[in-house]
Amino acid sequence: MDKNYQFFMKENIDSYIGEWIAIAGQKIIAHGKDLKKVFKEAKEKNPKDRPMITRVPDKETMIF
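Note that the structure is a prediction, hence the values are computed from the model and not measured. (Residues numbered from 1 in each chain as written. Predicted model: local features only at pLDDT ≥ 70, side-chain atom pairs only at ≥ 80, totals over all residues. Heavy atoms only, no water.)

Undergrad: Explain the overall build of the protein chain residue by residue, including any values.
TA: Assigned secondary structure in the protein chain consists of two helices and three strands. Counting from the amino terminus, helix and strand elements in the protein chain follow one another as α-β-β-α-β. Taken over the C-alpha trace, the protein chain has a radius of gyration of 11 Å; the compact-globule value for 64 residues is 11 Å, and the two agree within 12%. If one aligns the C-alpha atoms of the protein chain with their principal axes, the spans along those axes are about 35 × 25 × 20 Å. Within the protein chain, buried positions represent 34% of all 64 residues. At a minimum sequence separation of 6, the contacts of the protein chain that also span at least 24 residues come to 36%. Total accessible area on the protein chain is roughly 5000 Å²; 52% of this is exposed by carbon and sulfur atoms. (Helix = DSSP H or I, 4+ residues; strand = E, 2+ residues; numbered from the N terminus. Rg over C-alpha atoms; globule rule 2.2 N^0.38 Å. Buried < 20%, exposed > 50% of the residue type's maximum accessible area, 1.4 Å probe, protein only. Contact = heavy atoms within 4.5 Å. Areas by Shrake-Rupley, 256 points an atom, 1.4 Å probe, with all protein chains shown as cover.)

This is the structure in structure tokens:
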């Protein structure tokens, strides 16, 4: 399993609810409401690696 995904599953991300987050090197390197801006910031901070980008779901959202 990818280390960034493991980080995402274990990390307390409550402060990012409803936002997009970019994870690289097992840390959140960018976040915000605008996906394009988050992706751009993540690539600027980490140009050699492809970050994992995901939206943090609302508390009421169920993920299966």
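Undergrad: Account for the sheet that holds strand β2 (residues 27-32), with residues named and values stated.
TA: Sheet architecture is open: three strands sit in the order β2-β1-β3, paired in antiparallel fashion. The sheet is open, and its two edges are formed by β2 and β3 (52-55), each paired on a single side. Direction aside, neighbouring strands of the sheet carry axes that sit 25° apart on average. In terms of strand pairing, strand β1 (residues 20-24) meets β2 through five bridges, oriented antiparallel. Bridge pairing in β2 places Ile23 opposite Ile28. Where helix α1 (residues 3-10) meets the sheet, its contacts fall on β1, β2 and β3, and the angle it forms with β1 comes to roughly 130°. Contacts from helix α2 (residues 35-45) reach β1, β2 and β3, with the element oriented near 145° to β2. (Pairing = 2+ DSSP bridges. Axes fitted to C-alpha atoms, helices over the stretch in contact; angles between N-to-C directions.)

Undergrad: Got a sec to walk through unusual backbone geometry? Specific residues and values, please.
TA: One non-glycine residue, Gln26, lies in the positive phi region at around 60°. Of note, Gln26 is situated in the loop between β1 and β2. Residue classification places Gln26 among the partly exposed residues on the basis of a relative accessible area of 40%.

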